[in-house]
Amino acid sequence: MARRIEIKDLDIHYGRFCAVRGVTLSVPARSVTAFIGPSGCGKSSVLRTLNRMHEVVPGARVEGNVLLDGEDIYARDIDPVAVRRTVGMVFQRPNPFPTMSIYDNVAAGLKLDKRRLKRSELDDVVLRSLRAANLWDEVRDRLHKPGASLSGGQQQRLCIARAIAVEPDVLLMDEPCSALDPISTLAIEDLIGSLKERYTIVIVTHNMQQAARVSDRTAFFTLAGVGQPGELVEDGDTQQIFGNPRDRRTEDYISGRFG
Amino acid sequence: MRTAFREELDLITASVAGMTELVAMAMDRATVALLEADLALADQVMTGDRRVDSLRTDLEDRCVALIAQQQPVATDLRLLISTIHLAGDLERMGDLAAHIAKIARRRHPHSAVPAQARDVIAQMGDVAHSLVTTVADVLEGRDVELAAAMETEDDSMDALRRKLFTIVLSPGWAHGTAAAIDATLLGRYYERYADHAVAIARRTVFVATGNHPGPVRR
């Protein structure tokens, strides 16, 4: 079940380039935390370190700690695959497995798992996950059609269903609505609101109104200049960040005075 | 960035300053009209109030449009929401000046203020003038300290109003019921005018700091 995340003195390097420096941040369980900031500020990099997804980039490394309920996900004996099962991820562009059916897309993570589930158990998980992703009513009659036959917004909810089918504790979302139309976006936003009762959610978004609408807490990142490392400027209750930010840089960014 | 938005915010701030100037002038003229029984000046105040009223609706429309189109946040949002409120305060201040002008008009060619109360009313006019001038500065500089200082000045308005009551209620009052009612209403109008000025100052503190100043001292 939902776990809290603590990031302590996190630096992220890609080869010799320091992309992010000195991030310390707490993400409470069962809440939505939004990461906002200009391009290059390191918000997506920080998000990816929360399930060690950055490690797929050659030369990427981190210093500092990321704790899940006090447990360091970078400890020597921790398997990154196990981390990614606990901390699921939804990407910017919906990426269902194109040749797989809707059903198989949701079941994909479970089929990769070592333990074998009975068909009826699998049916159960698929139903529950599609329901939780607010997609069940729209696909119940065509579970065996390809995932690619769905609209963009439905595909993204399918990816969310796939992510939650393996019962993660944390859901990371990297600009999950930036490829979607406004109605699909609102559907995803509603879904985020209901998912936070069970999961810890961290969302990166370029849409500040979206951050203001969906998140409980907001963290603002920026960078001093091109080639400089990204840094966390301030984090706090979303209402405070958008109503009365403490740092001038936050105010300038959210008010559109940036650049 | 957001040049058009920033320009419109500046224009809205300028309109508030203009409206403040109008209600300051209205009160100055109303006080003179009252003390000098100047009918032409009283009429000017009452006509001028229509302009203040239309400025208020205009400001409100512009704030609503900007909120809808630009999704302002932080200081910008506080400024727009506060402007909607304080435009209402300013409109009310214009109305109160017009009420005073109306009393001057009703008693013409006589003065509505008996000699006994003249000093107090003149002082109330002075304090009103001073408060509205200060509020213009508070708005212009978003001056939090000056805003706080206004509350003390408002206290002196309240003291003057009590003094006016004492005069009207004294056995020496020889000007009849109608004049007593006029004096009582006038006291009320000046005092309310000052309260609205203080309310505007307090809203300006909210715009500048994001915090509401503490409860009004009474």
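So, how was this worked out
Residues numbered from 1 in each chain as written. Chains lettered and ligands numbered in written order. Predicted model: local features only at pLDDT ≥ 70, side-chain atom pairs only at ≥ 80, totals over all residues. Heavy atoms only, no water. Helix = DSSP H or I, 4+ residues; strand = E, 2+ residues; numbered from the N terminus. Buried < 20%, exposed > 50% of the residue type's maximum accessible area, 1.4 Å probe, protein only. Contact = heavy atoms within 4.5 Å. Areas by Shrake-Rupley, 256 points an atom, 1.4 Å probe, with all protein chains shown as cover. Lys, Arg positive; Asp, Glu negative; His and termini not counted. Charge placed at Lys NZ, Arg CZ, Asp CG, Glu CD. Rg over C-alpha atoms; globule rule 2.2 N^0.38 Å. Salt bridge = Lys/Arg side-chain N within 4 Å of Asp/Glu carboxyl O. Buried area = accessible area lost by both parts, 1.4 Å probe. Phe/Tyr/Trp six-rings, centres within 6.5 Å; stacked < 30°, edge-to-face > 60°. Lys NZ or Arg CZ within 6 Å of the ring centre and 35° of its normal. Core = buried A, V, L, I, M, F, W, Y, C linked by side-chain atoms within 4.5 Å. Pairing = 2+ DSSP bridges. Expected span 1.5 Å × (residues − 1). Polar contact = N/O pair within 3.5 Å; in protein donor to acceptor, adjacent residues only side chain to side chain. Patch = residues over 30% accessible without salt bridge, like charges linked within 9 Å, V, L, I, M, F, W, Y side chains within 5 Å.

**Remarks on the overall build of chain B**
Moving on, step 1. Within chain B, the regular secondary structure consists of six helices and zero strands.
Moving on, step 2. Projecting the C-alpha coordinates of chain B onto the three principal axes gives extents of approximately 65 × 35 × 20 Å.
Moving on, step 3. Of all 218 residues assigned to chain B, the portion counted as buried reaches 49%.
Moving on, step 4. Across chain B, contacts joining residues at least 24 apart in sequence account for 81% of those joining residues at least 6 apart.
Moving on, step 5. Taken as a whole, chain B presents about 10200 Å² of accessible surface, with 56% of it coming from carbon and sulfur.
Moving on, step 6. When the 24 basic and 31 acidic side-chain charges of chain B are each reduced to a single mean position, those positions are 5 Å apart.

**Let's talk about the overall build of chain A**
Moving on, step 1. Summing up its helical and strand segments, chain A has ten helices and ten strands in all.
Moving on, step 2. Here chain A has a C-alpha radius of gyration of 18 Å; the compact-globule value for 259 residues is 18 Å, and the two agree.
Moving on, step 3. Here chain A displays about 11800 Å² of accessible surface, and carbon together with sulfur accounts for 49% of that area.
Moving on, step 4. Distance between charge centroids for chain A: 4 Å, based on 35 positive and 34 negative side chains.

**Section: the side chain of Arg78 of chain B**
Moving on, step 1. Among the secondary structure elements, Arg78 of chain B is positioned in helix 3 (residues 74-107).
Moving on, step 2. No salt bridge is formed by the buried Arg78 of chain B. Its closest oppositely charged neighbour is Glu251 of chain A, at 5.1 Å.
Moving on, step 3. Beyond its immediate stretch of four places on either side in the chain, Arg78 of chain B contacts Gly243 and Asn244 of chain A together with Phe206, Val207, Ala208, Thr209 and Gly210 of chain B.

**Re unusual backbone geometry**
Moving on, step 1. Along the chain, His108 of chain B connects to Pro109 of chain B via a cis peptide bond; the corresponding omega equals 5°.
Moving on, step 2. By secondary structure assignment, the location of Pro109 of chain B is in the loop between helix 3 and helix 4 (115-141).
Moving on, step 3. We note that Asp9 of chain A has phi near 45°; this positive angle belongs to a residue other than glycine.
Moving on, step 4. Note that Asp9 of chain A resides in strand 1 (residues 5-14).
Moving on, step 5. For Asp9 of chain A, a relative accessible area of 56% gives the class exposed.

**Examining the interface of chain B and chain A**
Moving on, step 1. On the chain A side, the residues contacting the twelve residues of chain B number twelve residues.
Moving on, step 2. Between chain B and chain A, a total of about 950 Å² is buried, with carbon and sulfur atoms accounting for 41% of that surface.
Moving on, step 3. Contact with chain A buries surface across chain B, with Met1, Val73 and Ala74 of chain B losing the most and accounting together for 47% of the total.
Moving on, step 4. The tally of links between chain B and chain A comes to one salt bridge.
Moving on, step 5. Between Arg257 of chain A and Asp76 of chain B there is a salt bridge whose closest N-O contact spans 3.0 Å.

**So, the side chain of Arg157 of chain A**
Residues and elements named next belong to chain A.
Moving on, step 1. Structurally, the position occupied by Arg157 is in helix 6 (residues 152-165).
Moving on, step 2. Judged by its relative accessible area of 8%, Arg157 falls in the buried class.
Moving on, step 3. If we ignore the near neighbours within four places in the chain, the residues touching Arg157 are Ala133, Asn134, Leu135, Glu138, Ala187, Ile188 and Leu191.

**Some points on the packing of aromatic side chains**
Moving on, step 1. Tallied over the full model, the rule gives two aromatic pairs over all chains.
Moving on, step 2. The positively charged end of Arg162 of chain A is found above the aromatic ring belonging to Phe97 of chain A, 4.6 Å away from the centroid.

**Considering the nonpolar core**
Residue and element names in this part refer to chain B.
Moving on, step 1. Core analysis: the biggest nonpolar cluster contains 67 residues, and Leu34 and Tyr190 have the highest contact counts within it.
Moving on, step 2. Going through the elements one at a time, helix 1 (3-36), helix 2 (39-70), helix 3, helix 4, helix 5 (144-169) and helix 6 (176-209) are the ones with two or more residues in this core.
Moving on, step 3. When residues no more than four places from it in sequence are discounted, the contact partners of Leu34 are Ile100, Ile103, Ala104, Ser111, Ala112, Val113, Ile121, Leu186 and Tyr190.

**Considering the pairing of strand 8 (residues 200-204) of chain A**
Residue and element names in this part refer to chain A.
Moving on, step 1. Most of strand 8 sits out of view: five of its five residues are buried.
Moving on, step 2. With four bridges connecting them, strand 3 (residues 32-36) and strand 8 associate as parallel partners. In the sheet register, Val32 faces strand 8, and the bridge partner there is Ile201.
Moving on, step 3. The pairing of strand 7 (residues 170-174) with strand 8 spans five bridges and is classified as parallel. Its bridge partner lying in strand 8, Met173 is registered against Ile203.

**Details of the pattern of salt bridges**
One side chain can pair with another of opposite charge once the charged atoms of both are near each other.
Moving on, step 1. Considering all chains together, one arrives at 38 salt bridges over all chains under this definition.
Moving on, step 2. In this structure, Lys196 of chain A and Asp216 of chain A form a salt bridge, with 2.9 Å as the shortest nitrogen-oxygen distance. Here Lys196 of chain A is found in the loop between helix 7 (182-195) and strand 8, whereas its partner Asp216 of chain A is found in the loop between helix 8 (208-214) and strand 9 (217-223), with 20 residues between them in sequence.
Moving on, step 3. A salt bridge links Arg105 of chain B to Asp43 of chain B; its shortest N-O distance comes to 2.6 Å. Of this pair, Arg105 of chain B sits in helix 3 while Asp43 of chain B sits in helix 2, and the two are 62 residues apart along the sequence.
Moving on, step 4. Arg105 of chain B gets classed as partly exposed once you look at its relative accessible area, which sits at 38%.
Moving on, step 5. Classification of Asp43 of chain B as partly exposed rests on a relative accessible area of 27%.
Moving on, step 6. Three or more residues joined by partner-sharing salt bridges are found here, namely Arg248, Asp252 and Arg257 of chain A together with Arg6 and Asp76 of chain B.

**Quick look at the environment of Ala40 of chain B**
Moving on, step 1. When you line up the elements, Ala40 of chain B lands in helix 2.
Moving on, step 2. Measuring from C-alpha to C-alpha, the distance between Ala40 of chain B and Arg105 of chain B comes to 9.0 Å, with 65 residues separating the pair along the chain.

**Quick notes on helix 5 of chain B**
Residues and elements named next belong to chain B.
Moving on, step 1. Along its 26 residues, helix 5 runs 39 Å from first to last C-alpha, staying within 8% of the 38 Å computed at 1.5 Å per residue.
Moving on, step 2. On its buried face, helix 5 is in contact with helix 4 and helix 6.
Moving on, step 3. Where helix 5 starts, the residue carrying a side-chain oxygen 3.2 Å from the main-chain nitrogen of Glu145 turns out to be Asp143.

**Section: a negative patch on the surface**
Moving on, step 1. Together, Asp137, Glu140, Asp143 and Glu145 of chain B line one region of the surface with negative charge.
Moving on, step 2. With respect to the helices, strands and loops of the structure, Glu145 of chain B is situated in helix 5.

Remember, this is a structural readout, not a statement about activity or role.
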